[in-house]
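Inside the fold
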Amino acid sequence: GIMADINKVFNALRKPKQDPKIQLKTCKSLVLCPDLMREKIIDHIDKEIDEAKAGRKALIIIKVNSLSDRALIQKLYDAAKAGVVIKLIVRGIYCAINQKNFKEKITAISIVDEYLEHSRMMYFYNKGHEDIYISSADWMTRNLDYRREAAVKITQKNLKKEIKDQLEIQLSD
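So, here's what we can say about the structure. Along every chain, residues carry numbers that run from 1 in the direction the sequence is written. With the structure being a predicted model, the display of local features is reserved for residues of pLDDT at least 70 and the display and counting of side-chain atom pairs for 80 or more, all residues being used for whole-chain, interface and lining totals. Side-chain descriptors were evaluated using all non-hydrogen atoms of the structure, hydrogens and water having been removed beforehand.

What follows concerns the overall build of the protein chain. Where helices and strands are cited, they refer to DSSP runs of H or I of at least four residues and of E of at least two residues respectively, numbered from the N terminus. Tallying secondary structure elements over the protein chain gives six helices and seven strands in all. Helices and strands in the protein chain line up, N terminus first, as α-α-β-α-β-α-β-β-β-β-α-β-α. Our radius of gyration is a C-alpha quantity, and the globule rule it is checked against amounts to 2.2 Å times the number of residues to the power 0.38. Computed over its C-alpha atoms, the radius of gyration of the protein chain comes to 16 Å, within 12% of the 16 Å expected for a compact globule of 173 residues. Once the C-alpha set of the protein chain is aligned to its principal axes, its extents read approximately 50 × 40 × 30 Å. Buried residues are those whose accessible area, probed at 1.4 Å on protein chains only, stays under 20% of the maximum for their type, while exposed residues exceed 50% and partly exposed ones sit between those limits. Classification of the 173 residues of the protein chain by burial places 43% in the buried group. We call two residues in contact when some of their heavy atoms are within 4.5 Å. Contacts in the protein chain between residues at least 24 apart in sequence constitute 61% of all its contacts with a sequence separation of at least 6. For the protein chain, the exposed surface amounts to about 10100 Å²; the carbon and sulfur share of it is 53%. Note that accessible areas follow from Shrake-Rupley with a 1.4 Å probe, and for residues the cover is restricted to the protein chains shown.

Before going further, it helps to examine the pairing of strand β5 (residues 120-124). Counting buried residues in β5 gives five out of five residues, a clear majority hidden from the surface. Direction of pairing for strand β2 (residues 59-64) relative to β5: antiparallel, over a ladder of four bridges. If you follow Ile 60 over to β5, its bridge partner there is Phe 124. Pairing of β5 with strand β6 (residues 131-135) involves five bridges; the strand directions are antiparallel. Note on β6: the bridge partner recorded for Tyr 123 is Ile 132. As consecutive antiparallel partners, β5 and β6 are separated by six residues, and within that stretch Asn 126 has a phi angle of approximately 50 degrees, a positive value. Pairing between strands requires that DSSP locate at least two bridges from one strand to the other.

The next thing to look at is the environment of Leu 144. By the element assignment, Leu 144 lies in helix α5 (residues 141-146). We classify Leu 144 as buried; its relative accessible area is 1%. Separated by 112 residues in sequence, Leu 144 and Leu 32 have C-alpha atoms that sit 8.7 Å apart. Beyond its immediate stretch of four places on either side in the chain, Leu 144 contacts Cys 33, Pro 34, Met 37, Arg 38, Asp 69, Leu 72, Asp 138 and Trp 139.

Its boundaries defined by the atoms lining it, the largest pocket holds a volume of some 160 Å³. Buriedness for pockets is judged along seven lines, at least five of which must meet protein on both sides within 12 Å for an open set on the 1 Å grid over protein atoms alone, while cavities are sets there where a 1.4 Å probe fits but cannot get out, and lining residues have an atom within 4 Å of a point. Surrounding the largest pocket, Cys 27, Lys 28, Ser 29, Leu 30, Val 31, Leu 36, Glu 39, Lys 40, Asp 43, Tyr 133 and Lys 153 form its lining. Secondary-structure elements contributing two or more residues to the lining of the largest pocket are β1 (30-33) and α3 (37-53). Counting residues per element, the lining of the largest pocket draws most heavily on α3, at three residues. Nonpolar residues are Ala, Val, Leu, Ile, Met, Phe, Trp, Tyr, Cys and Pro. Charged residues are Asp, Glu, Lys and Arg, and all others, Gly as well, are polar. Among the residues forming the lining of the largest pocket, the class breakdown is five nonpolar, one polar and five charged. Grid points are joined across faces, edges and corners, and a volume is the space filled by probe spheres set on the points.

See below:
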């Protein structure tokens, strides 16, 4: 499924006179920028906000190189105000600030090592169903609105566990 969607992306790039949104609407495995990724991220954050407001566990873990997109930062603020636990791993540009009126403090760390490791991952607790994505996109306006970027949802249990383990190791003291 992923390879079929990648083929659709390259076909859309080869035929620029056709509307790529029409060509790419049939993608089933990839979440693409600039078409749908921002919407999908906001939908996931909104679900976590609803869970937090209902008094249930709500958790978001994001690992990116850069976090500067104002709309997504504001959405994270909304989530923190509602009580969603938010953990960020941001290697480079970080434009969010921690505010006093958050119900849950946003935790943010930066990992810079001798190796230029810059994977991008998104984790949403989703009522215990744990939606995990790997992505090429940073949370920057230029990436989300002006570039062709992709994310793919991880569905295999062993891969989900491996990615979750990586995130937990990086977030541990």
